[in-house]
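Breakdown of the fold
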Amino acid sequence: MVRSTLAVLVIDENRIRASIIEAGLREAGHERVTVIHDVSGIARRIAEIEPDVIVIDLENPNRDMLENMFQLSRAVKRPIAMFVDRSDQASIEAAVDAGVSAYVVDGLRQERVKPILDMAVSRFNAFSRMARELEEARSELESRKVIDRAKGILMKSRGLSEEAAYTLLRKTAMNQNRKISDIAQSLVTAAGLLGPAEDE
């Protein structure tokens, strides 16, 4: 049996169902399992426990309980596997929007806990990687826009070609050991301050 170092938090008000999940996790080699039966103050408890993965079991969830768990999911930024006995299309969509990594309807069985947990972690990691790549792409696009604006300022104020303006930005960045986008942002900011006064 492979030992796992993941800290797993199980949130389940039903002690019998919680024991099924806990048994499935321990059988799969997870030794760091914490079970919480009372959901009051759950955000504080999660901050104290700092689990790597959260498993939530809602036997017969009502709309408010689901929404509270979805809000929790948005806030904790961790893989979450959620078991529910019944669901509808709106709840499934809300779970996906909230970032629940695995939403399992009517599937709580001990032997399924490990593969579902593994899938939740994999899906969370893939989603996190995509979100990181998207943020990097947005940042790169924003940097390009600022560099283009800075080139435009240099072309207009100094009568340079686009290539010469970029070369000047690059040379200045190298001389100051800074990123081209930082130099470009400084130039755009300075040009905004030095530009013609606008009516206030």
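Definitions and cut-offs
Residues numbered from 1 in each chain as written. Predicted model: local features only at pLDDT ≥ 70, side-chain atom pairs only at ≥ 80, totals over all residues. Heavy atoms only, no water. Helix = DSSP H or I, 4+ residues; strand = E, 2+ residues; numbered from the N terminus. Patch = residues over 30% accessible without salt bridge, like charges linked within 9 Å, V, L, I, M, F, W, Y side chains within 5 Å. Areas by Shrake-Rupley, 256 points an atom, 1.4 Å probe, with all protein chains shown as cover. Salt bridge = Lys/Arg side-chain N within 4 Å of Asp/Glu carboxyl O. Buried < 20%, exposed > 50% of the residue type's maximum accessible area, 1.4 Å probe, protein only. Pairing = 2+ DSSP bridges. UniProt positions renumbered as here; feature names shortened; annotations may be inferred. Contact = heavy atoms within 4.5 Å. Domains from an automatic or database assignment. Axes fitted to C-alpha atoms, helices over the stretch in contact; angles between N-to-C directions. Parallel < 35°, antiparallel > 145°, perpendicular 65-115°, else oblique. Left-handed = near helix turned anticlockwise from the far one by under 90°. Nonpolar A, V, L, I, M, F, W, Y, C, P; charged D, E, K, R; others polar. Arc of directions from axis to C-beta.

**Describing the environment of alanine 98**
Mapped onto the elements of the fold, alanine 98 is located in helix α4 (residues 89-98). Note: C-alpha distance between alanine 98 and valine 121 (23 residues apart in sequence) is 15 Å.

**With respect to a nonpolar patch on the surface**
On the surface, Ile92, Val96 and Val105 cluster together into a nonpolar patch covering about 230 Å² of accessible area. Mapped onto the secondary structure, valine 105 falls in strand β5 (residues 102-105).

**Quick notes on the pairing of strand β3 (residues 53-58)**
By the criterion of burial, β3 is predominantly enclosed, with 6 of the 6 residues buried. Residues Val53, Val55 and Asp57 line one face of β3 and the alternating positions Ile54, Ile56 and Leu58 line the opposite face, and both faces are buried. When β3 meets strand β4 (residues 80-84), the two strands line up parallel, connected through 5 bridges. Bridge assignment links leucine 58 to a residue of β4, and that residue is valine 84.

**Structural notes on the UniProt feature "domain: ANTAR" (unreviewed entry) in the protein chain**
Mapped onto this numbering, the UniProt entry annotates "domain: ANTAR" (unreviewed entry) at residues 127-188. In the segment residues 127-188, helix accounts for 90% and strand for 0%; the C-alpha atoms at its two ends are 35 Å apart.

**As for the UniProt feature "modified residue: 4-aspartylphosphate" (unreviewed entry) in the protein chain**
Under the local residue numbering, the UniProt record ascribes the feature "modified residue: 4-aspartylphosphate" (unreviewed entry) to Asp57. Inspection of the secondary structure puts aspartate 57 in strand β3. Other than its neighbours up to four places away in sequence, aspartate 57 contacts Ile11, Asp12, Arg17, Ile21, Phe83 and Leu108.

**Some words on the domain arrangement of the protein chain**
Domain annotation for the protein chain reports domain 1 (8-132) and domain 2 (136-194). For domain 1 versus domain 2, the distance between C-alpha centres works out to 47 Å.

**Overview of the packing of helix α5 (residues 110-158) against helix α7 (residues 180-194)**
Packed helices, taken two at a time, are described by the angle their axes make and the gap between the axes. Axis separation between α5 and α7 bottoms out at 8 Å; the angle between their running directions is 55 degrees. With respect to their mutual orientation, α5 and α7 come out oblique. Classified by chirality, the crossing of α7 by α5 is left-handed. On the side of α5, the interface is formed by Ser143, Val146, Ile147, Arg149, Ala150, Ile153 and Leu154, while α7 contributes Ile180, Ser181, Ala184, Gln185, Leu187, Val188 and Ala191. Residue composition of the contact of α5 with α7, by class: 10 nonpolar, 3 polar and 1 charged.

**Considerations on the environment of alanine 150**
Within the secondary structure layout, alanine 150 lies in helix α5. For the pair alanine 150 and alanine 94, spaced 56 residues apart in sequence, the C-alpha separation works out to 43 Å. Among all residues touching alanine 150, those that are not within four sequence positions of it are Leu169, Ala184, Leu187 and Val188.

**Some remarks on the packing of helix α1 (residues 15-27) against α5**
Where α1 meets α5, the axes come as close as 8 Å, and the angle between the chain directions of the two elements is 65 degrees. Considering how the two elements wind past one another, α1 and α5 form a crossing that is right-handed. On the side of α1, the interface is formed by Ile20, Ile21, Ala23, Gly24, Leu25 and Glu27, while α5 contributes Gln110, Val113 and Leu117. Among the residues making up the contact of α1 with α5, the classes are represented as 6 nonpolar, 2 polar and 1 charged.

**Observations concerning α4**
Of the residues making up α4, those classed as buried are Ser91, Ala94, Ala95 and Ala98. One side of α4 carries all its buried residues, which in axial view fall inside an arc of 105 degrees. In α4, the exposed positions that point more than 90 degrees away from the buried face belong to Gln89, Val96 and Asp97. Trailing α4 by a residue or two, glycine 99 shows a phi angle of about 90 degrees, which is positive.

**What about unusual backbone geometry?**
The residue glutamate 50 is not glycine, and still its phi comes out positive at about 50 degrees. With respect to the helices, strands and loops of the structure, glutamate 50 is situated in the loop between α2 (42-49) and β3. Glutamate 50 gets classed as exposed once you look at its relative accessible area, which sits at 54%. Backbone geometry at asparagine 177 places phi at a positive 55 degrees, although glycine is not the residue there. Looking at where asparagine 177 falls in the secondary structure, it is placed in the loop between α6 (162-176) and α7.

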